[in-house]
Amino acid sequence: MTMDATRYEDGSISYPGHPRGPGGSEPVETIDLSEYTAEIVTWTTSTATPPGVREPNHLAIVEFDVDGESVRAIGQLTTGDVETGDEVRPVYVDELREPGAGIRVPESQEWDGYRFEPV
């Protein structure tokens, strides 16, 4: 599994990707962010989580530097033992939440993804 960001004709990069870039330009390539490390911009811990989401749930906004372009993402952390400015890497997990705990039919969506782990 990859953590795909999109580069656009104007050089900008977004995660997740969109049919058009921030300036309206066309996508030209995808970049797998799981091959990069990022820096924690800010983080928090949620203690009142939705059904099936671990409690407490540590979350962060992280910033990747991809060829001089800043790319931000939000996601779960593997631990609450972090500080703003820490370096993290994306790690793949099979289930970001318990598929049977919510109101959606488990087969109706994907449950895997990435958490950020301190380097």
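As a reminder, the structure under discussion sits directly above these lines.
Thresholds, definitions, all that
Residues numbered from 1 in each chain as written. Predicted model: local features only at pLDDT ≥ 70, side-chain atom pairs only at ≥ 80, totals over all residues. Heavy atoms only, no water. Helix = DSSP H or I, 4+ residues; strand = E, 2+ residues; numbered from the N terminus. Buried < 20%, exposed > 50% of the residue type's maximum accessible area, 1.4 Å probe, protein only. Contact = heavy atoms within 4.5 Å. Areas by Shrake-Rupley, 256 points an atom, 1.4 Å probe, with all protein chains shown as cover. Lys, Arg positive; Asp, Glu negative; His and termini not counted. Charge placed at Lys NZ, Arg CZ, Asp CG, Glu CD. Salt bridge = Lys/Arg side-chain N within 4 Å of Asp/Glu carboxyl O. Core = buried A, V, L, I, M, F, W, Y, C linked by side-chain atoms within 4.5 Å. Patch = residues over 30% accessible without salt bridge, like charges linked within 9 Å, V, L, I, M, F, W, Y side chains within 5 Å. Pairing = 2+ DSSP bridges. Axes fitted to C-alpha atoms, helices over the stretch in contact; angles between N-to-C directions.

(A) The arrangement of the overall build of the protein chain in detail. Along the backbone of the protein chain there are zero helices and eight strands. Beginning at the N terminus, the succession of helices and strands in the protein chain can be written as β-β-β-β-β-β-β-β. Expressed as lengths along the three principal axes of its C-alpha atoms, the size of the protein chain is roughly 40 × 35 × 20 Å. Buried positions account for 33% of the 119 residues belonging to the protein chain. Look at the contacts in the protein chain between residues 6 or more apart in sequence, and 50% of them connect residues 24 or more apart. Carbon and sulfur atoms make up 47% of the accessible area of the protein chain, which amounts to about 6900 Å² in all. Mean positive and mean negative side-chain charge positions of the protein chain (8 and 24 charges, respectively) differ by 5 Å.

(B) Expanded view of the pattern of salt bridges. All told, the structure shown has five salt bridges when counted by the stated rule. A salt bridge links arginine 7 to aspartate 67; the nearest nitrogen and oxygen atoms lie 2.8 Å apart. Of this pair, arginine 7 sits in strand E1 (residues 4-8) while aspartate 67 sits in the loop between strand E5 (57-66) and strand E6 (69-77), placing them 60 residues apart in sequence. Using a relative accessible area of 15% as the deciding quantity, one classes arginine 7 as buried.

(C) View of the nonpolar core. Counting residues in hydrophobic clusters, the biggest one holds 18 residues, and the most contacted among them are Met3, Leu33, Ile40, Val62, Phe64, Val66 and Phe116. Considering every element that reaches this core, the biggest residue donor is E5, with four residues. Excluding residues within four positions of it along the chain, phenylalanine 64 makes contact with Met3, Leu33, Tyr36, Thr37, Ala38, Glu69, Ser70, Val71, Ala73, Pro90 and Phe116.

(D) Fine view of a negative patch on the surface. Together, Glu9, Asp10, Asp65 and Glu69 line one region of the surface with negative charge. Along the chain, aspartate 65 falls in strand E5. A residue is classified by how much of its surface remains accessible, and aspartate 65, at 51% relative accessible area, is exposed.

(E) Geometry of the sheet that holds strand E7 (residues 87-93). Reading around the circumference, E4-E5-E6-E8-E7 is the order of the five strands in this closed barrel, with mixed pairing throughout. The mean inter-strand angle of the sheet, taken between neighbouring strand axes irrespective of direction, is 45°. In this structure, E7 lies alongside strand E8 (residues 113-118), joined through six bridges in antiparallel fashion. What sits directly across from valine 91, in E8, is arginine 115.

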